[in-house]
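Observations on the three-dimensional arrangement
Residue strings, one per chain:
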Amino acid sequence: MSRGTAGHDGRHSTPRHRAETLPTATATATAALMVAAHIGPAGTWLPGVRRALFPALAGRGRPDHIALTFDDGPDPGSTPQFLDALDELAVRATFFVLGDSVLRHPRTAYEISRRGHELAVHGWTHSRPWLPTVARDLHEVEGAARVVRRATGAVPRWYRPPYGVLTGGRGLAAARAGLRPVLWTAWGRDWTVRATPASVLATVRRDLRGGGTVLLHDSDRAAEPGCWRATLGALPALVRVCRDEGWTVGPLADHGIGGG
């Protein structure tokens, strides 16, 4: 009676050999599941997916309101100019800030809050998300929320991951920090070297609808140097377009994002 089963090459696969392959197969399957759990939620980066299936994550709110949001600050060289422009327009907005920038520029962060705007969390640095780093995500998102509280006295409510890629680890980190993820429905592609006020406005308008959330940048931290000037130049026309449509412009706190 044979102790093993003959393989395709005529050799025998013994029970011991098969037992030794089980841990390897299990480890491979576990690793694959971890990667899937990490990367799978990032599919919401696709605008069509999140608009159709996850409207709240996309930032869909009240139909008579536009949420105006800015990423990548605070930056003492550019953010105060946005605050001045928004004062002139009588508009308040939500600023998704980076924890290490708040740590380095707490006065600018405080000034955002003092002027009546909302601060939200954009992570600690503008890091790329592809490798599973759940422990680091937990540490960095909570750390960013903490420095925002220290600098402004306000408790942040929202989280937008860098590049808009909401991995499983980042989603868990947001939940642990008491933050609600929100992406956007329209953006200005204002991070490129060729961005102009006209191009930023035109790009936003392609997807601008009542109840939408607009993504812009008040810093060139993760973009072409000086490109924020195009965004700044586009602001008055963008606000005018919204008001002509009968939409009010304000922060996410006033946007009425529902569940789901």
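Residues numbered from 1 in each chain as written. Predicted model: local features only at pLDDT ≥ 70, side-chain atom pairs only at ≥ 80, totals over all residues. Heavy atoms only, no water.

Okay, the pattern of salt bridges next. All told, the structure shown has ten salt bridges when counted by the stated rule. One network of salt bridges, in which partners are shared, links Asp 84, Asp 87, Arg 92, Glu 111, Arg 114 and Arg 115. (Salt bridge = Lys/Arg side-chain N within 4 Å of Asp/Glu carboxyl O.)

Inspection of every chain in the model, using the stated rule, returns five aromatic pairs. Measuring from ring centre to ring centre gives 5.1 Å for Phe 70 and Phe 95, while their planes differ by 25°; the resulting arrangement is stacked. Here Phe 70 is found in strand S3 (residues 65–73), whereas its partner Phe 95 is found in strand S4 (residues 94–97), with 25 residues between them in sequence. Both residues of the pair, Phe 70 and Phe 95, belong to the buried class. (Phe/Tyr/Trp six-rings, centres within 6.5 Å; stacked < 30°, edge-to-face > 60°. Helix = DSSP H or I, 4+ residues; strand = E, 2+ residues; numbered from the N terminus. Buried < 20%, exposed > 50% of the residue type's maximum accessible area, 1.4 Å probe, protein only.)

A word on the side chain of Thr 94. Within the fold, Thr 94 resides in strand S4. A distance of 2.6 Å separates polar atoms of two side chains, one belonging to Thr 94 and the other to Glu 118. (Polar contact = N/O pair within 3.5 Å; in protein donor to acceptor, adjacent residues only side chain to side chain.)

What follows covers the nonpolar core. The nonpolar side chains of soluble globular proteins are, as a tendency, buried together. Of all hydrophobic cores here, the largest spans 38 residues; its most connected members are Leu 68, Phe 70, Leu 208, Val 214, Leu 216, Leu 235 and Leu 238. Looking at this core element by element, the count peaks at nine residues for helix H10 (residues 228–244). Apart from the residues lying within four places of it in its own chain, the contact partners of Leu 238 are Leu 68, Leu 201, Val 204, Leu 208, Val 214 and Leu 216. Residues Val 121, Ala 144, Ala 145 and Leu 179 belong to the second largest nonpolar core, which totals 14 residues. (Core = buried A, V, L, I, M, F, W, Y, C linked by side-chain atoms within 4.5 Å. Contact = heavy atoms within 4.5 Å.)

This part is about the packing of helix H9 (residues 197–206) against H10. Two numbers describe how H9 lies on H10: the axes approach to 7 Å, and their chain directions differ by 45°. Relative to H10, H9 is oriented oblique. Here the hand of the crossing between H9 and H10 comes out right-handed. Contact with H9, carried on its side by Pro 197, Val 200, Leu 201, Val 204 and Arg 205, involves Ala 230, Thr 231, Gly 233, Ala 234, Ala 237, Leu 238 and Val 241 of H10 and no other residues of that element. Per-class residue counts for the contact of H9 with H10 are nine nonpolar, two polar and one charged. (Axes fitted to C-alpha atoms, helices over the stretch in contact; angles between N-to-C directions. Parallel < 35°, antiparallel > 145°, perpendicular 65-115°, else oblique. Left-handed = near helix turned anticlockwise from the far one by under 90°. Nonpolar A, V, L, I, M, F, W, Y, C, P; charged D, E, K, R; others polar.)

Along the chain, Gly 73 connects to Pro 74 via a cis peptide bond; the corresponding omega equals 0°. On the secondary structure map, Pro 74 appears in the loop between S3 and helix H4 (79–89). The backbone phi angle of Asp 72 is positive, close to 85°, even though this residue is not glycine. Tracing the backbone shows Asp 72 in strand S3. If you check the backbone angles, Tyr 163 has positive phi at about 65° while not being a glycine. Along the chain, the position of Tyr 163 falls in the loop between strand S6 (158–159) and helix H8 (168–176).

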